[in-house]
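Fold and contact review
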Amino acid sequence: MASFFIVNLLLNVLVSVFIVSSAKTCSNSTFSLDRVFNSCSDLPYLGAHLHWDYIPSLGKVSIAYRARQISTGWIAWAINPTGTGMVGSQALIAFRNANGSMTVYPTSITSYNPSMLPGELTFQVSNISAEYKHNEITIYAIVGPLENGTIVNHVWQAGNSVSSNIPQIHSMSSSHLQSMGKIDFQKA
């Protein structure tokens, strides 16, 4: 009985090591149009990665936010300039339309039941675009200048459905509720 336990334990450890070692990380990501980002972070939830280049002379950040997603789902990445968490965040939303084209836009998250409609942010956003490839959505944008400096609270999210071009509520699982953190755009 003890030998069965040891063999089972070893097998589980080997499978775990294989799964972790084969997981995609931000450091081996490639982007369309030969885009290159010098910094990246593997975000701890939702299979997401944030890539960026900070432009100190402008106080702006060029970002690529990438997350695994089904073709009928949506993703969002946001900066919260006033606190932590979802409410108050300034988000970039992207989803794939039924015809295969992408919709991407900014929106302010003002409550726990946001409209998710396009809107203005408290900071500038330019060059916003998105793509869907290999079961991942990537949002590209230049954000800023950032009023509060290079250290920001950020939030990321994903939902599995879009109805009438409006992203629907995301899961309330712990990984969704914990998808937030702090990032310093000056650190590589």
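What you are looking at is a predicted structure, and each value in this text was computed from that prediction instead of being measured.

With that settled, consider the pattern of salt bridges. Using the criterion set out here, one finds 1 salt bridge in the structure. The salt bridge partner of Glu 136 is Arg 66, with a shortest N-O separation of 3.9 Å. Of this pair, Glu 136 sits in strand β8 (residues 136-143) while Arg 66 sits in strand β3 (residues 60-68); the two residues are 70 residues apart in sequence, bridging distant segments of the chain.

Our focus in this paragraph is the packing of aromatic side chains. For the structure shown, the criterion picks out 2 aromatic pairs. Ring centres of Trp 52 and Phe 185 lie 5.7 Å apart, and the angle between their planes is 75°; this geometry places the pair in the edge-to-face category. One end of the pair, Trp 52, is in strand β2 (residues 48-55); the other, Phe 185, is in the segment after β12 (180-184), with 133 residues separating them in the sequence. Assessed through its relative accessible area of 3%, Trp 52 is described here as buried. For Phe 185, a relative accessible area of 2% translates into the label buried. In this structure, Arg 35 is placed above the aromatic ring of Tyr 140, and the distance from its NZ or CZ to the ring centre is 3.6 Å.

A few words now on unusual backbone geometry. Residue Gly 144 is joined to Pro 145 through a cis peptide bond whose omega torsion reads 15°. Its location among the elements puts Pro 145 in the loop between β8 and β9 (151-159). Even without being glycine, Asn 135 reaches a positive phi, approximately 60°. When you line up the elements, Asn 135 lands in the loop between β7 (125-133) and β8. A relative accessible area of 43% places Asn 135 in the partly exposed class.

About the cut-offs
- By convention here, each chain's residues receive numbers from 1 onward along its written sequence.
- For a predicted model such as this one, the threshold for reporting local features is a pLDDT of at least 70, and the threshold for listing and counting side-chain atom pairs is 80 or more; totals across whole chains, interfaces and linings nevertheless cover every residue.
- Values reported for side chains reflect all heavy atoms of the structure, with hydrogen atoms and water molecules removed beforehand.
- One side-chain nitrogen of Lys or Arg within 4 Å of one carboxyl oxygen of Asp or Glu is enough to make a salt bridge.
- The way it works is that DSSP assigns letters per residue, a run of H or I at least four long becomes a helix, a run of E at least two long becomes a strand, and they are numbered from the N terminus.
- Classification of ring pairs uses Phe, Tyr and Trp, with its six-membered ring standing for Trp, and accepts pairs whose centres are within 6.5 Å; under 30 degrees between planes counts as stacked, over 60 as edge-to-face, and the remaining range as tilted.
- Exposure is judged per residue with a 1.4 Å probe applied to protein chains only, and the accessible area is read against the type maximum: over 50% gives exposed, under 20% gives buried, and values in between give partly exposed.
- Put simply, a charge is over a ring when the Lys NZ or the Arg CZ is close to the ring centre, within 6 Å, and near the line of the ring normal, within 35 degrees.

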